[in-house]
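A structural walkthrough
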Amino acid sequence: MNLEQPVTTPDIAARRALGACAALVVGALTLTACGGSANATNGDGKDSPKTSTAKIAISAKDGSTSASINATGVKVSDGKLTDVKMTVAGSGQTVAGAISADGSSWKPKQQLDRGTKYEIDATAKDANGRTAAANAIFTTVTSANSFIGTYTPDNGSTVGVGMPVSFTFDKSITDKKAVQSHITVNSSSGQQVVGHWFGDQRLDFRPQDYWKAGSKVTMKIDLDGVQGANGVYGVQKKTVSFTVGRSQVSTVDANTQMMTVVRDGKTIKTVPISAGSAEHTTYNGQMVISEKFVQTRMNGSTVGFGGEYDIPDVPHAMRLSSSGTFIHGNYWYSKGNPPFGRAGTSHGCVGLADVQGAQGDTSAKWFYDNSLVGDVVIVKNSPDTTIAPDNGLNGWNMSWSAWTAGSAS
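Summarised in this report is the structure supplied together with it.

Basis of the calculations
- Residues numbered from 1 in each chain as written.
- Predicted model: local features only at pLDDT ≥ 70, side-chain atom pairs only at ≥ 80, totals over all residues.
- Heavy atoms only, no water.
- Helix = DSSP H or I, 4+ residues; strand = E, 2+ residues; numbered from the N terminus.
- Buried < 20%, exposed > 50% of the residue type's maximum accessible area, 1.4 Å probe, protein only.
- 1 Å grid on protein atoms, 1.4 Å probe; cavity = no way out; pocket = protein on both sides within 12 Å on 5 of 7 lines; lining within 4 Å.
- Points joined across faces, edges and corners; volume = space filled by probe spheres on them.
- Nonpolar A, V, L, I, M, F, W, Y, C, P; charged D, E, K, R; others polar.
- Pairing = 2+ DSSP bridges.
- Axes fitted to C-alpha atoms, helices over the stretch in contact; angles between N-to-C directions.
- Contact = heavy atoms within 4.5 Å.
- Phe/Tyr/Trp six-rings, centres within 6.5 Å; stacked < 30°, edge-to-face > 60°.

In this section: unusual backbone geometry. The step from Thr 152 to Pro 153 runs through a cis peptide bond, and the omega angle for that step is 5°. You will see that Ala 358, though not glycine, has its phi angle at about 60°, which is positive. Mapped onto the elements, Ala 358 comes out in the loop between strand E26 (350–353) and helix H3 (363–369). A relative accessible area of 6% means that Ala 358 is categorised as buried.

In this model, the second largest pocket occupies a volume close to 330 Å³. Going through the elements one at a time, strand E9 (149–152) and strand E11 (165–169) are the ones with two or more residues in the lining of the second largest pocket. Per-class residue counts for the lining of the second largest pocket are five nonpolar, seven polar and three charged.

Our focus in this paragraph is the sheet that holds strand E6 (residues 117–125). A sheet is described by the order of its strands in space; here three strands give the open sequence E3-E6-E7, paired in antiparallel fashion. Unpaired on one side and paired on the other, strand E3 (80–88) and strand E7 (131–139) mark the two borders of the sheet. With direction set aside, neighbouring strand axes in the sheet form an average angle of 10°. Relative to E6, E3 is paired through eight bridges, and the arrangement is antiparallel. For Val 88, the partnering residue across the bridge sits in E6 and is Tyr 118.

To continue, consider the environment of Gly 103. In this fold, Gly 103 is placed in the loop between strand E4 (97–99) and strand E5 (105–108). Residue classification places Gly 103 among the buried positions, given a relative accessible area of 6%. For Gly 103 and Leu 81, which are 22 residues apart along the polypeptide, the C-alpha to C-alpha distance reads 5.1 Å.

Here the focus is the environment of Gly 234. Structurally, the position occupied by Gly 234 is in strand E17 (residues 232–234). Residue Gly 234 is classed as buried on the basis of its relative accessible area of 3%. Taking C-alpha positions, Gly 234 is 5.1 Å from Phe 147, a pair spaced 87 residues apart along the chain. Not counting residues up to four positions away in its chain, the partners in contact with Gly 234 are Phe 147, Leu 223, Asp 224, Gly 225 and Val 226.

Inspection of the entire model under this criterion finds 10 aromatic pairs. For the ring pair Tyr 151 and Phe 167, a centre distance of 5.7 Å and an interplane angle of 45° mean the geometry is tilted. In this pair, Tyr 151 sits in strand E9 while Phe 167 sits in strand E11, placing the two residues 16 residues apart along the sequence. For the pair formed by Tyr 151 and Phe 167, the shared burial category is buried. The interplanar angle of 70° and the centroid separation of 5.9 Å between the aromatic rings of Phe 198 and Trp 403 together place this pair among those described as edge-to-face. Residue Phe 198 is found in strand E13 (residues 193–198), and its partner Trp 403 is found in helix H4 (residues 400–405); the two are separated by 205 residues along the sequence.

Quick look at the structure:
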């Protein structure tokens, strides 16, 4: 029996192969259409993007819990911002801010609060008017996970030649080098300025000798995001500048009970004083005026003297130490005591003749009116010890070698 086999001619095979190829091509085209190619072409064959080319970047990542309170903002590339709205999440309270003149960025007008949740919604347009949008909800770094340094002197102030730059941090700093390296202090005088750590929470800066009169000192604080201790980050970023005024250094001689005031190298006045008594001597050493009060209360119980005195209106008082040493006016001076300039009768302060109410032409008023925060008052020839460098702003009582040894740089 003859078995007939199907005959496939070359033409038929070619047609089948061609048909299969066509099916594959159709499938490929179908897949491309479903995939939504970003490079779809229009009728003339040129690229025509369907979405905006503007790219919005919010500095605080969505969902972050330690966003900066200083650097949070919005930027855009290949476009311009048209609207940015920032609110306190939950309350809807608006955070004021402004878009830059060129439309490339937005930032809040004021520093954000720590430990607060915020929301940002931003829109922008590209050159073809197509809109892009972005948003983020985030929380700023909390107080528990951040540190702040309270510093002196204030921005724009004029101070005496002895005024150091002094930081007191609200957390203990373990990475002192990281923190110190992000604070720079420079003077127009060209003097070298070095930092010194007193413990884990205080950092002072000063030159080897007093500041040059008339110089301008600039401090740059760049602590935002700097880790000062495990899980604790800085939040400050600012520039502070102050001016050093004329040079005034006053020397109190506890032996003669006189004070000599020298301004710019010339003696301008000699003032009779009353330093500490034999029982309550005055510290020796270089002391810096850190605060001034036209009148203030002085209560002995706050500095370890019990109820020996409580004077509600001490006139013309200027602080020399954190432990309670002042140079101040004295209107209650007993008539039974020798006149000012003859004997020490105070509890360790330096007293000047004055009247109640801080009025009148008195030695105390003259010295108060002619003194700046940062002026130096030197006490010598007292039977007491030299004041500790960290008792007030008195680091000048430390040798330069000891000062630089306490630097973390």
